[in-house]
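# Understanding the architecture of this molecule
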Amino acid sequence: MSRVTDVLTAIDTATVLLKYPNPSKNPDAPTQIDPKYVYMITNQDNAISGQAGGELNLKAQVGDLIRWRETSLSLGFETAAIFYKFVGNVGNELISTPTPRTAEASLPYPNNSKPSVPVCQKISNYYWSSETLKTGSVTYHFNFMIVDRSCSALGFFSWDPFITISN
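First things first, this report covers the structure right here in the doc. All values derive from a computational prediction rather than experimental measurement.

## With respect to the environment of A10
If you trace the backbone, A10 turns up in strand β1 (residues 4-11). Sequence-wise, A10 and R101 are 91 residues apart; in three dimensions their C-alpha atoms are separated by 19 Å. Excluding residues within four positions of it along the chain, A10 makes contact with Y37, V38, Y39, T71 and L73.

Okay, here's the thing in C-alpha cells:
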C-alpha cells in the first residue's frame, strides 16, 4: 500500500546569509551551501539517517508519495526560503520530478479572548510533490532562494539530500 511521507525543511536563512555574504544572484547557478544550515524532519519511521539535519536519508517504497515543505526558522517573518527547482540524477530517475502543488488550508492561530479555542483562517498553501518510481538510492538537489519581506530575492542557493527506495 502506498503511503505519504511528509518532509519539513527549515533553513537557517540568517546564518546562510551571514556565512555566504555574496550569494549567487543567478537562479541557474546557485551557491552550494553546507547542509548544516538545513534541518529536514520527517516521521521517525521514515528516516534512515540524518533526522533534523541537512542530509536526511528517507526510506520509501515504489509508488509512495513524498511531499516537501520549506520554511525559514522565522517561518517567513523576517526572511523566507522558497524552493524553485529540483535537480535529480538524469537517466537514473528514482523519483518523479517534484512539482509544486497549491492547496487551500485552514491555518489555526491563538485566540486572545479564548486561548483554548483557536481561530482558523483559510489560506493558499503549497508543497512539492513527487512519486517514487524504482528502487535504489539517489542524491538530489533542491535549489532555493532566500527572500526578504518585500519578496525580493537576496540570493539563490542549493544543497543535496538523499532518498533510499526499497521494497
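## Overview of the sheet that holds strand β8 (residues 99-109)
Within a beta sheet, neighbouring strands are joined by backbone hydrogen bonds and run either parallel or antiparallel to one another. Ordered in space as β3-β1-β6-β9-β8, the five strands form an open sheet in which the pairing is mixed. The outermost strands of the open sheet, each flanked by one partner alone, are β3 (38-41) and β8. Recorded for the sheet is a direction-independent mean angle of 30° between the axes of neighbouring strands. Pairing geometry for β1 and β3, over four bridges, is antiparallel. Counterpart to A10 in the pairing with β3 is Y39.

## Thoughts on the pairing of strand β11 (residues 141-147)
Counting buried positions along β11 yields six of seven residues, so the element is predominantly enclosed. With seven bridges connecting them, strand β7 (residues 80-87) and β11 associate as antiparallel partners. The partner of I82 across the bridge, within β11, is M145. As defined by bridge partners, β11 adjoins strand β12 (residues 153-159) across six bridges and the pair is classed as antiparallel. The residue of β12 that forms the bridge with F142 is W159.

Cut-off values and rules
Residues numbered from 1 in each chain as written. Predicted model: local features only at pLDDT ≥ 70, side-chain atom pairs only at ≥ 80, totals over all residues. Heavy atoms only, no water. Helix = DSSP H or I, 4+ residues; strand = E, 2+ residues; numbered from the N terminus. Contact = heavy atoms within 4.5 Å. Pairing = 2+ DSSP bridges. Axes fitted to C-alpha atoms, helices over the stretch in contact; angles between N-to-C directions. Buried < 20%, exposed > 50% of the residue type's maximum accessible area, 1.4 Å probe, protein only.

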